[in-house]
Amino acid sequence: MQIRRLTYFDYPKLKQLISYLCTDDNDKLAKSLMEEPIGYLNAMLPLELKFKSESFILFEQNEILGLITIAKTPGNPYKINITKLIFKENYYEIAKQLVEYVIHKLGGKGATSFTVTIDECHDELFNLFINGCGFRQCASEVLWKIEHPKPEKSDLKWRYAQKSDAKEIAQLYNSELINMYKPSMLRHEKEFQDNPFYGFTDYYKIRYVIEDDRHILGYFSITTSDNLNYILDITTNSGYEFDYDQIINTMLCEIARKKHAFYPLIKQKKYTKNAEDFGNYLQSKNYTPIQTQQILVKDFYKPVKQESTNWNVFLLGENQIG
């Protein structure tokens, strides 16, 4: 068995592996492979400069047995997200090898943590990452669907987020995390800035802020990877009361300016201070919870203070450095 980066020439064989997927996913994968020159350039760059996701395949005797796709966290190249894992039915050992491969490959390039988000109903996949690959259960998110969106104008005072807002947005986001989740969920200010290679990324994202006396009290964003499904994400200061109707309607109007047909999904972050109140609001609006996603994390190694110049000491796993 061998593992290597996916290339354009692998697509005919890959189609056999993903034949059970829907047409949209096949088309997306085909499109990404058609951008092979850009993908090759991305593969040659150091970790901090990568701007696209990368896929790796495990094959044996000219047959592809599995595929894994990873992407760095925008603004933080040392936090890696596993975004796709495809393998033949019951080939869990193949999946484990692919996960371990990217962890060792990117860990050797400086990555310090790996994250995967999976549907809580996928017990086998959950077991693969927790018991097979050493990930730990960190937090969860719920996606709520607005069945029949009807954008209505609101008098919410908002503006588009600027690069100079990133530090204050990060402070707001981090301050709203429940303490037990902070070690793994804290975000750096650069994670709230656009990538210099934004035009080549696999998704489109736009950010907004709610401001009062030049202080940012709220932050919300719209993200899509297919111009059909849109993720609406809201972070507000728990010390203030906000009209969520106004915020959500603002986002719906923003999408409706460009799209007539779309599917909005509201993200409820269960690791924030106002998660319960926000969930009660979403339920009161008769929005539909369609998916609960578990966030699993594996921390790689972190150097600790060296007492001797002859030794390199590392903490492994869940240990945190003070």
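It should be noted that the structure appears before, not after, this text.
These notes cover the structure that comes with them.

Calculation rules
Residues numbered from 1 in each chain as written. Predicted model: local features only at pLDDT ≥ 70, side-chain atom pairs only at ≥ 80, totals over all residues. Heavy atoms only, no water. Core = buried A, V, L, I, M, F, W, Y, C linked by side-chain atoms within 4.5 Å. Buried < 20%, exposed > 50% of the residue type's maximum accessible area, 1.4 Å probe, protein only. Helix = DSSP H or I, 4+ residues; strand = E, 2+ residues; numbered from the N terminus. Contact = heavy atoms within 4.5 Å. Axes fitted to C-alpha atoms, helices over the stretch in contact; angles between N-to-C directions. Parallel < 35°, antiparallel > 145°, perpendicular 65-115°, else oblique. Left-handed = near helix turned anticlockwise from the far one by under 90°. Nonpolar A, V, L, I, M, F, W, Y, C, P; charged D, E, K, R; others polar. Phe/Tyr/Trp six-rings, centres within 6.5 Å; stacked < 30°, edge-to-face > 60°. Lys NZ or Arg CZ within 6 Å of the ring centre and 35° of its normal. 1 Å grid on protein atoms, 1.4 Å probe; cavity = no way out; pocket = protein on both sides within 12 Å on 5 of 7 lines; lining within 4 Å. Points joined across faces, edges and corners; volume = space filled by probe spheres on them.

### Points about the nonpolar core
The biggest cluster of nonpolar side chains holds 27 residues, and the ones touching the most others in it are Ile68, Ile82, Leu85, Val99, Phe129 and Phe135. If you list the elements that add at least two residues to this core, you get β2 (54–60), β3 (63–73), β4 (76–87), α4 (92–107), β5 (113–119) and α5 (123–132). The biggest single contributor to this core is α4, with seven residues. With residues up to four places along the chain from it excluded, the contact list for valine 99 reads Ile68, Ile82, Leu85, Phe129, Cys133 and Phe135.

### Points about the packing of α4 against α5
One can describe the packing of α4 onto α5 by two numbers: an axis separation of 11 Å at closest approach and a directional angle of 50 degrees. Judged on the interaxial angle alone, α5 and α4 are oblique. Between α4 and α5 lies a crossing of right-handed hand. Residues Tyr92, Ala95, Lys96, Val99 and Glu100 of α4 lie in contact with α5, whose contacting residues are Glu124, Leu128, Phe129 and Gly132. By residue class, the composition of the contact of α4 with α5 is five nonpolar, one polar and three charged.

### As for the packing of aromatic side chains
In the structure shown here, the tally under the stated rule is 14 aromatic pairs. Between tyrosine 244 and phenylalanine 278, the aromatic rings sit 4.8 Å apart at their centres with planes inclined by 50 degrees, giving tilted as the arrangement. You can see tyrosine 244 sitting in helix α8 (residues 244–256) and its partner phenylalanine 278 sitting in helix α9 (residues 275–284), a full 34 residues away along the chain. Grouped by ring-pair contacts, the aromatic residues Trp158, Tyr160, Tyr208 and Phe220 constitute a single cluster. Positioned above the aromatic ring of tyrosine 173 is the side chain of arginine 187, whose terminal nitrogen or guanidinium carbon lies 5.0 Å from the ring centre. We note arginine 187 situated over the ring of phenylalanine 192; from NZ or CZ to the ring centre the distance is 4.2 Å.

### Things to note about empty space enclosed by the protein
Enumeration over the complete set of coordinates arrives at two cavities of 30 Å³ or more. Taken as a whole, the largest cavity encloses approximately 90 Å³ of empty space. Elements with a contribution of two residues or more to the lining of the largest cavity: β10 (229–236), β11 (263–269) and α9. Classifying every residue of the lining of the largest cavity gives four nonpolar, five polar and two charged. Taken as a whole, the second largest cavity spans an internal volume of roughly 40 Å³. Every residue lining the second largest cavity is listed: Leu47, Lys50, Lys52, Glu54, Ile70, Ala71 and Lys72. Counting residues per element, the lining of the second largest cavity draws most heavily on β3, at three residues. Class assignment for the residues of the lining of the second largest cavity results in three nonpolar, no polar and four charged.

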